[in-house]
Amino acid sequence: MELRHLQHFVAVAEDQHFTRAAERLMVSQSGLSASIRALERELRAPLFVRTTRRVTLTEAGRALLVEAERILAQVRAAHEAVAAVQGVLRGTLALGTEQCIAGVHVARMLAAFRGRHPDVEIRLRQAGSGALAEEVGAGRLDLAFAYRTQADSDQLRSVSLTSEPMTVLCHPGHRPASAGAVLTPRDLAGEVFVDFHPDWGPRRTTDAAFAAAGVRRTVALEVNDVHSLLDLVDENLGIAVVPRHFRHKRPSLTALPLKGTGEAQYETVALLPPDRATSPAARALVALLETGGGTGDLTPPQEGSQAS
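The structure presented is a predicted model; accordingly, all values stated were derived computationally and were not measured.

Caption draft 1: The arrangement of the pairing of strand β5 (residues 143-147) in detail. Across the five residues of β5, five count as buried, placing the element largely inside the fold. By the bridge criterion, three bridges tie strand β3 (residues 91-97) to β5 in an arrangement that is parallel. When the sheet's bridge partners are listed, Leu95 is paired in β5 with Leu143. Of the pairings in the sheet, the one linking β5 to strand β11 (residues 265-272) comprises four bridges and is antiparallel in character. Residue pairing in the sheet places Ala144 in a bridge with Leu271 of β11.

See the structure below:
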């Protein structure tokens, strides 16, 4: 089994199309097809179901994809490790992040990293914490800025960025706002909630807090970006429970403390694979992160501050 066969297989699996994968790899389509057939002969199993419009993975293909991505990530890390020993950091930094993550200014940090390591190609992907943790574990991402869960700590290393309490956001004319008091989950029973997809860190935190308090809630309005959530709350279509720094993004909304949740905290971290699998580029980024270079304030947002 040759590495190029695995590279070709992963490209076709990602693009679900031989022609697009061949163009991306800059190889002929016939050569790519021959490479996949050679791999299938060696493994004695079909890897793709082919149609005129697209290709999809077979069960054997799905099993191989996990291992192929891990092998290619390890080979890439080996090349980068040798280059790092020679005093030159090259290769790729594949980074994932949730939207509006607290504790790090992602754009500023990446600009500082590029200034120090111009030969490293930076790739950025935005997704929910669950998907990001899975991709770091599979070797598709070098590290990710995400919400920390107990399940993640068993498989991945983490560097803490910050933690902050959850806050209720509502329209100034909404009932909780007129009360002007500290709220508990029981005070919010029966409310219409605006929230993110269940994969997102803030949603995971809120779901866990309400479950711990024994309060059932229904998310009627589900979104995948921060500004849509704020717009819906601003139109008084529902309330939201979010990390405290979100309140600075829409000063017109009323922000109220949420208690009675076991003081649930929204903790954000940098998720990394086991130490032996961490790429030199990821190590360099963590070193930059720990010194605060180019990242701004890594402490929890203070009263009146603007968070990224």
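Caption draft 2: How the structure looks around the packing of helix α1 (residues 3-15) against helix α2 (residues 18-25). At a closest axis distance of 8 Å, the pairing of α1 and α2 adopts a crossing angle of 125°. Viewed along their axes, α1 and α2 adopt a mutual orientation that is oblique. Crossing angle aside, the handedness with which α1 passes α2 is right-handed. Each of His8, Ala11, Val12, Glu14 and Asp15 in α1 lies in contact with α2, whose residues at this interface are Phe18, Arg20, Ala21, Arg24 and Leu25. Taken together, the residues that form the contact of α1 with α2 break down as five nonpolar, one polar and four charged.

Caption draft 3: Representation of the side chain of Arg217. Looking at the secondary structure, you find Arg217 in the loop between α9 (201-212) and β8 (219-223). A polar atom in the side chain of Arg217 sits 2.5 Å from the side chain of Asp195. Side chain to side chain, Arg217 and Asp207 meet in a polar contact 3.0 Å long. Other than its neighbours up to four places away in sequence, Arg217 contacts Phe193, Asp195, Arg203, Thr206, Asp207 and Phe210.

What counts, and at which threshold
- Residues numbered from 1 in each chain as written.
- Predicted model: local features only at pLDDT ≥ 70, side-chain atom pairs only at ≥ 80, totals over all residues.
- Heavy atoms only, no water.
- Buried < 20%, exposed > 50% of the residue type's maximum accessible area, 1.4 Å probe, protein only.
- Helix = DSSP H or I, 4+ residues; strand = E, 2+ residues; numbered from the N terminus.
- Pairing = 2+ DSSP bridges.
- Axes fitted to C-alpha atoms, helices over the stretch in contact; angles between N-to-C directions.
- Parallel < 35°, antiparallel > 145°, perpendicular 65-115°, else oblique.
- Left-handed = near helix turned anticlockwise from the far one by under 90°.
- Contact = heavy atoms within 4.5 Å.
- Nonpolar A, V, L, I, M, F, W, Y, C, P; charged D, E, K, R; others polar.
- Polar contact = N/O pair within 3.5 Å; in protein donor to acceptor, adjacent residues only side chain to side chain.

Keep in mind these values describe shape, not function.
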